[in-house]
Amino acid sequence: MTHAAQILQTLSLSHHAKAFHEHSIESSEDVQLLSWEDLEELGIVEIDDRYRIWSWIEHQQILSSQAKPSSYVDGLVAVTNKRNRSKRVNMANAFSLRHLMTQAKSLAGS
């Protein structure tokens, strides 16, 4: 059973599964891309049926929009952490270089 068929089953609209299958609408992403007009063109003429699918689509869009900022923030945190690690490494390398130069000067002066 495809994800689209599972969605229709969950919404008690399994009788529309054949239309979805005939139009190669198989994944939840495919369903989310449908417009109100697409649903009508699929032969879903009952307003209540279209409304149930449309409500599911809107709900998924809300969930997706809520997930993106979190992922975006997580990405920023990862980039910031990487930069901070890089700065610490550069500072450690600079300190080591200064230490080596100081030792070299003292050895050269002896």
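Residues numbered from 1 in each chain as written. Predicted model: local features only at pLDDT ≥ 70, side-chain atom pairs only at ≥ 80, totals over all residues. Heavy atoms only, no water.

**Some words on the environment of W56**
Thinking step 1. Position of W56 relative to the elements: it lies in helix α5 (residues 47-109).
Thinking step 2. Measuring from C-alpha to C-alpha, the distance between W56 and L8 comes to 9.9 Å, with 48 residues separating the pair along the chain.
Thinking step 3. Non-local contacts of W56, meaning those with residues more than four positions away in its chain, are made with I7, L11, S28, V31 and Q32. (Helix = DSSP H or I, 4+ residues; strand = E, 2+ residues; numbered from the N terminus. Contact = heavy atoms within 4.5 Å.)

**Structural notes on helix α1 (residues 3-10)**
Thinking step 1. Among the residues making up α1, those that are buried are A4, A5, I7 and L8. Looking straight down α1, one finds that the buried residues subtend no more than 155° of arc, so they occupy a single side.
Thinking step 2. Just beyond α1, the residue with positive phi is S12, at close to 60°. (Buried < 20%, exposed > 50% of the residue type's maximum accessible area, 1.4 Å probe, protein only. Arc of directions from axis to C-beta.)

**What to know about the pattern of salt bridges**
Side-chain pairs of opposite charge can arise whenever the charged atoms involved come near each other.
Thinking step 1. Under the defined criterion, the tally for this structure stands at two salt bridges.
Thinking step 2. A salt bridge links R50 to E40, with the shortest nitrogen-to-oxygen separation between them at 3.8 Å. Here E40 lies in helix α4 (residues 36-41) and R50 lies in helix α5, a separation of 10 residues in the sequence.
Thinking step 3. Accessibility expressed as a relative area gives 43% for E40, which makes it partly exposed.
Thinking step 4. For D49, the salt bridge identified is with R52, shortest N-O distance 3.4 Å. (Salt bridge = Lys/Arg side-chain N within 4 Å of Asp/Glu carboxyl O.)

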